[in-house]
Structures are given as C-alpha cells and as structure tokens.
Amino acid sequence: MVGANVANASRHPVAVALGLARRTGARCTIVSVAPAPSAMAGSDRDMLAWAQPGLDRLRAWLGPLAEAVRAQEAELAVAFGAVGVELARYAERHHADLIVLGRRVGPGDAERPRFTTDQVVRRARVPCLCLPDGWERLDPLLVALDGTERGLSVFANARDFARHVRSEVRCVTVESVWSGEPDALAAGLPSSRSSRLIHALAQLPLIELRATGALAAAEVAPPPVHVRRGDVVGEVLAEAAAQDAGVLAIGYRLNGPGGEIAPASIARRLVHGTERAVLTIPL
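Residues numbered from 1 in each chain as written. Predicted model: local features only at pLDDT ≥ 70, side-chain atom pairs only at ≥ 80, totals over all residues. Heavy atoms only, no water.

A. Spotlight on the overall build of the protein. Along the protein, the regular secondary structure elements total 10 helices and 10 strands. Looking at the 283 residues of the protein, the share that counts as buried comes to 45%. Put simply, of all contacts in the protein between residues at least 6 apart along the chain, 78% involve residues at least 24 apart. Surface exposure of the protein reaches about 14300 Å², of which carbon and sulfur atoms provide 53%. (Helix = DSSP H or I, 4+ residues; strand = E, 2+ residues; numbered from the N terminus. Buried < 20%, exposed > 50% of the residue type's maximum accessible area, 1.4 Å probe, protein only. Contact = heavy atoms within 4.5 Å. Areas by Shrake-Rupley, 256 points an atom, 1.4 Å probe, with all protein chains shown as cover.)

B. Inspection of the packing of helix H9 (residues 232-243) against helix H10 (residues 266-273) at higher detail. At their nearest, the axes of H9 and H10 sit 10 Å apart, and the two run at 40° to each other. As the angle between them shows, H9 and H10 are arranged oblique. For the pair H9 and H10, the sense of crossing is right-handed. On H10, the residues that touch Val232, Val233, Val236 and Leu237 of H9 are Ile266, Arg269, Leu270 and Gly273. (Axes fitted to C-alpha atoms, helices over the stretch in contact; angles between N-to-C directions. Parallel < 35°, antiparallel > 145°, perpendicular 65-115°, else oblique. Left-handed = near helix turned anticlockwise from the far one by under 90°.)

C. How the structure looks around helix H6 (residues 149-165). End to end, H6 covers 25 Å across 17 residues, agreeing with the expected 24 Å (1.5 Å per residue, within 8%). Among all positions of H6, only Gly151, Val154, Phe155, Ala156, Ala158, Arg159, Phe161, Ala162 and Val165 are buried. Following H6 by one or two positions, Arg166 has its phi on the positive side, about 60°. (Expected span 1.5 Å × (residues − 1).)

D. Spotlight on the pattern of salt bridges. Counting across every chain of the model gives 12 salt bridges. In this structure, the salt-bridge partner of Arg89 is Glu86, at a minimum N-O distance of 3.0 Å. Highlighted residues: Arg89 and Glu86, both in helix H4 (residues 83-93), separated by three residues, approximately one helical turn. Judged by relative accessible area, which is 37%, Arg89 ranks as partly exposed. By relative accessible area, which is 12% here, Glu86 ends up buried. Salt bridges here are not isolated pairs; linked through shared partners, they connect Asp118, Arg122 and Arg268. (Salt bridge = Lys/Arg side-chain N within 4 Å of Asp/Glu carboxyl O.)

E. Seen up close, unusual backbone geometry. Put simply, Asp139 and Pro140 share a cis peptide bond, and its omega is -5°. In this fold, Pro140 is placed in the loop between strand E5 (128-132) and strand E6 (141-145). Even without glycine at this site, His95 takes up a positive phi of about 55°. Locating His95 in the fold gives a position in the loop between H4 and strand E4 (99-103). Its relative accessible area of 65% is what places His95 among the exposed residues. Even without being a glycine, Asp244 presents a positive backbone phi close to 50°.

The structure is reproduced here in structure tokens:
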C-alpha cells in the first residue's frame, strides 16, 4: 500500500511501490486521504458519491504513472479524515504488509518532523518504507539493533523485507560510553551484550530452518554485525554512511509521543536525521 499526497508534485513513492509490487508479485493499493465530509453516515451509494471526486483527482494526479498503474492492476482508494490516522487505519483494515510513504528531507527536519510521515509510522502496525524524493536504492539494508530480544523481531522483519527486494542485510549495534571507563576496557568491543546479540543472530536462521525448513542454505549464514561505541543516533547514522546503506531499518514504538523530537527519542531522531530510505518496524 502506498500513501498518495495529491497536494505534492512528487509521485516518487507511487513509482517505487509499483516497482516493488511488480518484482514481488504483491498487490498494490494507492490511497489518497481527503477531509471528512460534514456527515459521514450514509448508504454505500452516498459513500461512493463522496469518494468519486477524490478518485478523479487521484487519477488525474497520477498522470504519467497511469499506464504503469493499469499494467500493475493497482487499486485506487480514498479515505476520509486525518492523513496520519487514516493511512495507518486503512493499512490495518485491508491487511497491508507494507506502507510506502514519501519523506521530505531538509534543514530543520530533525527538530520539526514532517507531520504525515511522523504520524503514520507512530500508528502503523505494519512496516513503513519512508522514501526521500528520488531515492530508489534499497541495497544494502542496514538493521540497527539495540541488543534486546525485541531487536531480534526487528531483524526478522527487516530480513523478510530484504529477501523480497533481494537486498543484502547488514547489522549495527552501538555500545554505551560509560563515565570513567578505562580506555583499554572500552576498546574491548564487542562487550558481552553485543556478543550475545551476535550469537543470537547466528542461531536465529538455524532455529527457523529446523522449525520450518523454509530457508535456503545460503540464507543460513548470519549477517555481519558492526559494533560501534558512542552516541546511538550519531553512530548509527555514521555506520549507514560508511556502509552506503540503501535502507536503514529500525524498530519503532507504536503510539509514541508526537510533537518536537526529544533527545531520548532515538527512533524518531534516526528517521528524521538521515537522508536515506528508512524502514520502520513496529514494536
């Protein structure tokens, strides 16, 4: 599913979503959100009448992508209400596996997050692929892990996405800096925390292979894990740049706080602090 902003000239998220659907054999739905009519209650015929102008605007806005939409047999839909709420709600109601969103990147975005993307990823119960305008590269995929068990679920979801789009998976985790820690001890990475994470990632494909037999032998090899030390956001972004990552995958807490981004909001700072595509995995 892809969110279409008909007030924006960029159709890039739609083009990427159509390409992903074609490569993976997935169903693609292009959803535009319009302000809710003053009286939403009514018959199916009333609802269709309200939706028709929105569908007409969406078809006109698609313009040069109209042929690709027809070739892909993509569906068009209009939802009513607040964009950040209704895109996530539509995805849940229609059992979408992925939401593709556009994301503006520019000065100040890390302090003043764009409303639509920020609202959708905080509400979506499915992964969201957030694309800067013109960004097409999805390989390699760098997964940021925090060393906890829930991080393994982030890795599993990110790996499934990577498998479908045929991207290489790499991982990064960041060790904390402790006040007064001796340099010799600090240099001894990975710590027991990161060592446990690396071991768990190495065992996860083997466990799944024994349980389901669904993984190919080539997918059993564990991904490379890069261990860094320092500020989490800064080090993850530095690793994404060093790896020239096409996508940065992160875990994202549902129903987190909105508004200005607090220093402790690591996931939000990562989403709005990178110029790369971001895959958010709901926690």
